[in-house]
Amino acid sequence: MSGKPKLRSQHWFGPKDIHGFIHRGWLKNQGWPADLFQGRPVVGICNTWSELTPCNAHFRELAESVKRGVWEAGGFPLEFPVMSIGEPLMRPTAMLFRNLVSMDVEESIRANPIDGVVLLMGCDKTTPALLMGAASCDLPTIGLSGGPMLSGKFRGRDLGSGTGLWQMSEDLRAGKIAEEEFQLAESCMNRSKGHCMTMGTASTMACMVEVLGMALPGNAAIPAVDARRYTLAQLTGRRIVSMIQEDMRFSRIVTRAAFENAVRTNAAIGGSTNAVVHLLALARRVGVPLELQDWDRLGSEVACLLDLQPAGRHLMEDFYYAGGLPVILRELLESGLLNGDVLTANGKTLRENVATAENWNSEVIRSVASPLKDRAGIAVLHGNLAPSGAVIKPAAASPGLLRHRGAAVVFESVEDFNRRIDDEALAVDEHSVMVLKNCGPRGYPGMPEVGNMRLPPKLLRRGITDMVRISDARMSGTAYGTVVLHVTPESAVGGPLALVEEGDVISLDVARRSLELEVDEATLADRRRRWQPPPSPHRGYARLYVEHVLQADQGADFDFLQGCSGAEVGRESH
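Notes on the structure follow.

### Describing the pattern of salt bridges
And step 1. Considering all chains together, one arrives at 43 salt bridges under this definition.
And step 2. Of the charged contacts in the structure, one is a salt bridge between E106 and R110, with a shortest N-O distance of 2.8 Å. With E106 and R110 both in helix α4 (residues 98-111), this residue pair falls four residues apart, about one helical turn. The burial state of E106 is the same as that of R110; both residues are buried.
And step 3. We note a salt bridge from E107 to R110, for which the minimum N-O separation is 3.2 Å. With E107 and R110 both in helix α4 and three residues apart, the pair spans about one turn of that helix.
And step 4. The exposure class assigned to E107 is partly exposed, which follows from its relative accessible area of 43%.
And step 5. Its relative accessible area of 10% is what places R110 among the buried residues.

Written out as structure tokens, the structure reads:
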């Protein structure tokens, strides 16, 4: 026992004075015996359960499995809620609240007698929010994802969450399917508990948690309703107690090498562009140097090995049955693309964790020698239209549009876009470049997933399925297309995107990493003098957000949240 770290919770529960009385006594109203306060590691179970977050609606059950594991290992589990954010329901965008949730998590951990924490994560933004908050406390921490839904099934074929929706929506607008068929697909797409079963942001971030070493092996792909998800939850509960005893803190696991592994893995799985802003924000919380350009330098040449929607055909259930993320990691490791010596949450190295991983379906998981797509990692673009950068996902784009030059069709806001896009008189053709403004972190606010703009119906009816689209917004990880995102600086702060006018020629050359507005500097300077910023929120959280959010190339975190404050709290409450 002498070699074990002093438990943080004993600063609350150890003293025999008035303060210890308060801390122990009021908790005893739940029936806890006195011996639980005498040196057991206290495990906080950070739960984002909510019936308003469908992806996380089964987390009460998961939490009970985690508790079983904690009790078995000699710990004292105490579950606590934090704000839950879900993509399907929240307006104007769940991303607006990612940083708020991270503050909730950070302060809840720091303020309470917690020695280590289990993070229950599922829907897109809950994963980065919980990681960011926990990183700023730097206690022993382990993540548990909620798992993907079972594969959608509709009229004899697979139907991927999100990806199938975008496809059917465009078919409806083109007159290819009836509204009745569109509505019938709702229950067929979402037929079990869990998050999106395509390689959207939720599945991507679950993979990122695993490759960063912040979860037990296998975390990323086990379906939510599979009994093995609950087995993993119980094992996670056991493991966090050992992590506390070993003083295995967040910062020991999430290192520069772990981030480099994550960037390359994101390319290999055809992961979401949203991972870029989330990992950039997380890196700044733990003090690891990670820049937007690292995504291109480290990952752009990595091949996509996973044949999974939206980049491929299959779904997360297939991925799990094929062997899951450990197979991808082993393939990358044996090809010299990963650092196998990084430490992971189970106390083993990445190399040890994946040494016996086997591929049970080579149609789902490809080899480096025979990939789904070559050079599939996220590309970072620069030019006079994006001085600080923009991103595009070549694996989800049309190869013929990766080099393109066309006239801009400009939408000043999402309302302007919604009002005009279905107008048969809209001056647009397949060569046009669609430009959407004021959808960045400050402009919307919150940087919503509207970058994958719907195509005009008159082009859909002609069989046009993709166009170059440019914005300062994000897009759903389940979406696809030749979509340039995260243009920085955003239009709402006067970035060059704000100066684009109807008919301006824009050139995109992904191979050259170039995004250029072909307008002379004198004309741009005149437009800049006439530009007026959009109005800002006058009160509340939205005002705080707009005043303090950083740009996308810095992770869109708040300027005052970067770094780690630790978990020390010196003052008593009474």
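### Observations regarding the sheet that holds strand β1 (residues 42-47)
And step 1. If you trace the four strands from one edge of the open sheet to the other, you get β2-β1-β3-β4, paired in parallel fashion. What marks the edges here is a single partner per strand, and that holds for β2 (76-81) and β4 (141-145). Neighbour-to-neighbour, the strand axes of this sheet turn through a mean angle of 20°, independent of strand direction.
And step 2. Bridge count for β1 against strand β3 (residues 116-121) is five bridges, and the pairing is parallel. By the bridge assignment for β3, N47 is matched with L120.
And step 3. Running over the sheet, helix α9 (residues 227-246) touches β1, β3 and β4 and is turned about 175° from β4.

### Here we look at the nonpolar core
And step 1. One finds F259, L279, W295, F319 and I328 to be the most contacted residues of the largest nonpolar core, which totals 123 residues.
And step 2. In terms of residue count, helix α12 (residues 274-286) provides more of this core than any other element does, nine residues in total.
And step 3. Here W295 is in contact with V263, N266, A275, V276, L279, L280, L290, S300, I378 and V380, once residues within four sequence places are set aside.
And step 4. By size, the runner-up hydrophobic cluster in this structure holds 27 residues, among which are A397, V468, I506 and L515.

### A closer look at the layout of surface pockets
And step 1. Counted as a void, the second largest pocket has a volume near 480 Å³.
And step 2. Among the residues forming the lining of the second largest pocket, the class breakdown is 10 nonpolar, four polar and eight charged.

About the thresholds
Residues numbered from 1 in each chain as written. Predicted model: local features only at pLDDT ≥ 70, side-chain atom pairs only at ≥ 80, totals over all residues. Heavy atoms only, no water. Salt bridge = Lys/Arg side-chain N within 4 Å of Asp/Glu carboxyl O. Helix = DSSP H or I, 4+ residues; strand = E, 2+ residues; numbered from the N terminus. Buried < 20%, exposed > 50% of the residue type's maximum accessible area, 1.4 Å probe, protein only. Pairing = 2+ DSSP bridges. Axes fitted to C-alpha atoms, helices over the stretch in contact; angles between N-to-C directions. Contact = heavy atoms within 4.5 Å. Core = buried A, V, L, I, M, F, W, Y, C linked by side-chain atoms within 4.5 Å. 1 Å grid on protein atoms, 1.4 Å probe; cavity = no way out; pocket = protein on both sides within 12 Å on 5 of 7 lines; lining within 4 Å. Points joined across faces, edges and corners; volume = space filled by probe spheres on them. Nonpolar A, V, L, I, M, F, W, Y, C, P; charged D, E, K, R; others polar.

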